Amino acid sequence: MPRLSEVIAALDTLWPPERAEGWDAVGTVCGEPDQEITRVLFAVDPVREIVDEAVKLGANLLVTHHPLYLRGTTTVAADTFKGRVVHTLIKNDIALHVAHTNADRADPGVSDALAGALDLRVVRPLVPDATDPEGRRGLGRVCELDHPLTVRELAARAAGRLPATAQGIRVAGDLEAVVRTVAVSGGSGDSLFDDVRAAGVDAFLTADLRHHPASEARAHSPLALLDAAHWATEWPWCELAAAQLDEISDRKGWGLRVHVSKTVTDPWTAHAASTETPNAMGAPN
């Protein structure tokens, strides 16, 4: 069986840490380099539920998309939420490795997995990585549909194919407008509106769309907006990443057992629909 250092070296070929954004915190959070690795669990969030799942599974490596400590810390005391995560990992000999914006920009990366889940054909990156001469890496993806759909039908496809969450899919735009091209970006995407407009697509599917950027985007053009839960847009990457590590394991004869967590770690747990049709009664007095 491989050592942790060997597995991390393989993961770093998929998602080189130097390709992460400067503000990001990627790489190995804890783990002994010489530790033998037999079972790996992939998940979006390094939260207590996921760590408990790794313990129960008998995993000795947890790979997450989101960092545990993005802004640094002065303590890993066990009476803090994140400190308890660290203590549980170390006590159970579980290493933690993070691939965040380096996985976003990879080829294939987070947005490729999102496009694949929606059966979209990737044409090019939305924001190309200037260091990639082949023009395949970068943030987001510009995609084509296999056949035109209405905004309503595209939203229904997203709701049916992404993991179920309390939020579901929020939509801004004409539900009967025809969509042939779509930009997608896993995770928070409203910083990419200028790039989306420049791409000339019919719709943009991402997560965490805020009021003012969305309102301004709609004022600029008839671009349809589809806003999914952050966790749901990034979870398909876990399956892609697990398949990539499986292929490496087979090629190297490691015999790793690779798993994907299906635990929903989206923080929102319920949704109460408005009782009136939007715009039917106007704003409350």
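Since the model is a prediction, treat every value here as computed from it, not as a measurement.

*Asks:* Help me understand the pairing of strand β9 (residues 203-207), please; the structure alone is not making it clear to me.
*Replies:* Burial analysis of β9 places 5 of its 5 residues in the buried class, the great majority of the element. Neither face of β9 is open: one carries Ala 203, Leu 205 and Ala 207, the other Phe 204 and Thr 206, and all of them are buried. Pairing of strand β8 (residues 178-188) with β9, which is carried by 4 bridges, proceeds in the parallel orientation. Among the inter-strand pairings, Ser 188 is bridged to a residue of β9, identified as Ala 207. Following the backbone out of β8, through helix α7 (residues 193-199) and into the adjacent parallel β9, one traces a crossover that is right-handed.

*Asks:* Would you mind going over the sheet that holds strand β1 (residues 27-30) with me for this structure?
*Replies:* Each strand in a sheet pairs with its neighbour through backbone hydrogen bonds, running either in the same direction (parallel) or in the opposite one (antiparallel). Pairing within the open sheet is mixed, and its 5 strands lie in the order β1-β4-β3-β2-β11. Sheet topology places β1 and β11 (257-260) at the edges, where each strand pairs with a single neighbour. Averaged over all pairs of adjacent strands, the angle between strand axes in this sheet comes to 25 degrees, irrespective of strand direction. Looking at chain direction, β1 and strand β4 (residues 95-98) are connected through 3 bridges and run antiparallel. Considered in β4, the bridge of Thr 28 is made with His 97. Against the sheet, helix α1 (residues 4-14) contacts β1, β3 (61-64) and β4, and its axis sits at roughly 10 degrees relative to β4. Contacts from helix α2 (residues 48-57) reach β2 (39-43), β3 and β11 within the one sheet, and its direction differs from that of β2 by about 160 degrees.

*Asks:* Would you take a moment to explain the packing of α2 against helix α3 (residues 81-91) for this structure?
*Replies:* A pair of packed helices is captured by two measures, namely the crossing angle of their axes and the spacing between those axes. α3 packs onto α2 with a crossing angle of 10 degrees between their chain directions and a minimal axis gap of 10 Å. When the axis of α2 is compared with that of α3, the two are roughly parallel. On the side of α2, the interface is formed by Arg 48, Val 51, Asp 52 and Val 55, while α3 contributes Phe 81, Arg 84, Val 85, Thr 88 and Leu 89. Looking at the contact of α2 with α3 residue by residue, the class counts come to 5 nonpolar, 1 polar and 3 charged.

*Asks:* Would you take a moment to explain the side chain of Asp 227 for this structure?
*Replies:* Among the secondary structure elements, Asp 227 is positioned in strand β10 (residues 224-228). Its relative accessible area of 3% is what places Asp 227 among the buried residues. Looking at Asp 227, its side chain comes within polar contact range of the main-chain nitrogen of Asp 208, at 3.0 Å. Ignoring anything within four residues of it in the chain, the contact list for Asp 227 reads Gln 167, Gly 168, Ile 169, Arg 170, Thr 206, Ala 207, Asp 208 and Leu 209.

*Asks:* Help me out: how do you make sense of the pattern of salt bridges in this one?
*Replies:* When the charged atoms of two side chains lie near each other, side chains of opposite charge can form a pair. Per the stated rule, a full pass over the model turns up 14 salt bridges. Close ionic contact of Arg 152 with Glu 176 constitutes a salt bridge, the shortest N to O distance being 2.6 Å. One end of the pair, Arg 152, is in helix α6 (residues 151-161); the other, Glu 176, is in the loop between β7 (169-172) and β8, and 24 residues separate them in sequence. By relative accessible area, which is 44% here, Arg 152 ends up partly exposed. For Glu 176, a relative accessible area of 44% gives the class partly exposed. Note that Asp 194 and Arg 197 form a salt bridge whose closest N and O atoms lie 2.6 Å from each other. Here the residue Asp 194 and the residue Arg 197 both occupy positions in helix α7, the gap between them amounting to 3 residues, near one helical turn. In the salt-bridge network here, residues are joined through shared partners; they are Arg 105, Asp 129, Asp 132 and Arg 137.

*Asks:* Just checking my understanding: could you explain the pairing of β4 for this structure?
*Replies:* Along any regular strand, the residues point their side chains to alternate faces of the sheet. The alternating pattern of β4 places Ala 95 and His 97 and Leu 96 and Val 98 on opposite faces, both of which are buried. Judged from the 4 bridges that link them, β3 and β4 form a sheet pairing that is parallel. From the neighbouring strand, Leu 62 faces β4, where its bridge partner is Leu 96. Between the parallel elements β3 and β4, the chain passes through α3 in a crossover that is right-handed.

*Asks:* Before we go on, may I ask you to explain the packing of helix α5 (residues 110-117) against helix α9 (residues 230-252) in this structure?
*Replies:* At a closest axis distance of 7 Å, the pairing of α5 and α9 adopts a crossing angle of 100 degrees. Judged on the interaxial angle alone, α9 and α5 are roughly perpendicular. Counting all contacts with α5, which are made through Val 110, Ala 113, Leu 114 and Ala 117, the residues of α9 involved are Thr 233, Glu 234, Pro 236, Trp 237 and Leu 240. Of the residues assigned to the contact of α5 with α9, the class counts are 7 nonpolar, 1 polar and 1 charged.

About the criteria used
Residues take numbers from 1 onward in each chain, read along the sequence in its written order. This being a predicted model, a pLDDT of at least 70 is required before a residue's local features are given, and a value of 80 or more before pairs of side-chain atoms are given or counted; all residues contribute to the totals for chains, interfaces and linings. As a rule here, side-chain values come from all non-hydrogen atoms in the structure, and water together with hydrogens is ignored. Exposure categories follow from relative accessible area, calculated using a 1.4 Å probe and restricted to protein chains: below 20% of the type maximum is buried, above 50% is exposed, and the middle band is partly exposed. Here a strand is any run of E in DSSP of at least two residues, a helix any run of H or I of at least four, and the numbering for each starts at the N terminus. Strands qualify as paired when DSSP identifies two bridges or more between them. Viewed with both strands pointing away, a crossover whose connecting path from the first strand over the helix to the second turns clockwise is right-handed. Angular values range over 0 to 180 degrees, each being the angle between N-to-C directions of two axes fitted as lines to C-alpha atoms, with helices fitted over their stretch in contact. The criterion used for residue contact is that any of the two residues' heavy atoms lie within 4.5 Å. The cut-offs work like this: below 35 degrees is roughly parallel, past 145 is roughly antiparallel, 65 to 115 is roughly perpendicular, and the gaps in between are oblique. Three categories are distinguished: nonpolar for Ala, Val, Leu, Ile, Met, Phe, Trp, Tyr, Cys and Pro, charged for Asp, Glu, Lys and Arg, and polar for the others, with Gly belonging to the last. Polar contact criterion, stated in full: a pair of N or O atoms within 3.5 Å, where within protein one must be able to donate a hydrogen and the other to accept it, and residues adjacent in sequence count only if both atoms are side-chain atoms. Salt bridge criterion: a side-chain nitrogen from Lys or Arg within 4 Å of a carboxyl oxygen from Asp or Glu.

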